[in-house]
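The lines below spell out each chain.
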Amino acid sequence: MSLFDDDTPKKPRGSQIIVGQDLSTLSESELAERIVELEQEITRTKETLSNRSNIRNEAESLFGKPST
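Draft legend 1. Seen up close, the overall build of the chain. Summing up its helical and strand segments, the chain has one helix and zero strands in all. Residues counted as buried form 3% of the 68 residues belonging to the chain. With the model as given, the accessible surface of the chain reaches about 6700 Å², and the carbon-plus-sulfur share is 56%.

Laid out in structure tokens, this is it:
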């Protein structure tokens, strides 16, 4: 065990992406990993939006579009 091990802050695994986070403290590999995670989250969000839109469209076709 090195003397420096205790001084190095441990980064949590599976950390959350924080919008607006200070990126200056991240390494190049951490930034690349963050991009991958953000792209995966964008895909997941788009799929959820699409599913909700499909459900709404099915409901509207079944019950008719509500008047506003």
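Don't stop here, the text continues.
Draft legend 2. How the structure looks around the pattern of salt bridges. One pass over the structure, following the stated rule, counts two salt bridges. Of the charged contacts in the structure, one is a salt bridge between Arg 44 and Glu 41, with a shortest N-O distance of 2.7 Å. Note that Arg 44 and Glu 41 are positioned in helix α1 (residues 28–63) at a spacing of three residues, about one turn of the helix. Here Glu 41 falls in the partly exposed class, since its relative accessible area comes to 34%.

Draft legend 3. Inspection of the side chain of Arg 34 at higher detail. Inspection of the secondary structure puts Arg 34 in helix α1. Although Arg 34 is buried, it forms no salt bridge, and the closest oppositely charged side chain is Glu 37 at an N-O distance of 6.7 Å. Apart from the residues within four sequence positions on either side, Arg 34 is in contact with Ile 17, Ile 18, Gln 21, Leu 23 and Leu 26.

Draft legend 4. Just α1, in detail. Taking 1.5 Å per residue, 36 residues should reach 52 Å; α1 reaches 52 Å between its end C-alpha atoms and fits that length. Just downstream of α1, Gly 64 is the residue with a positive phi angle, here 90°.

Draft legend 5. Focus on the environment of Ser 27. The residue Ser 27 is located in the segment before α1 in this model. Taking relative accessible area as the criterion, Ser 27 reaches 31% and is therefore assigned partly exposed. Engagement of the side chain of Ser 27 in a polar contact is seen with the side chain of Ser 29, the distance being 3.1 Å.

Cut-off values and rules
- Residues numbered from 1 in each chain as written.
- Predicted model: local features only at pLDDT ≥ 70, side-chain atom pairs only at ≥ 80, totals over all residues.
- Heavy atoms only, no water.
- Helix = DSSP H or I, 4+ residues; strand = E, 2+ residues; numbered from the N terminus.
- Buried < 20%, exposed > 50% of the residue type's maximum accessible area, 1.4 Å probe, protein only.
- Areas by Shrake-Rupley, 256 points an atom, 1.4 Å probe, with all protein chains shown as cover.
- Salt bridge = Lys/Arg side-chain N within 4 Å of Asp/Glu carboxyl O.
- Lys, Arg positive; Asp, Glu negative; His and termini not counted.
- Contact = heavy atoms within 4.5 Å.
- Expected span 1.5 Å × (residues − 1).
- Polar contact = N/O pair within 3.5 Å; in protein donor to acceptor, adjacent residues only side chain to side chain.

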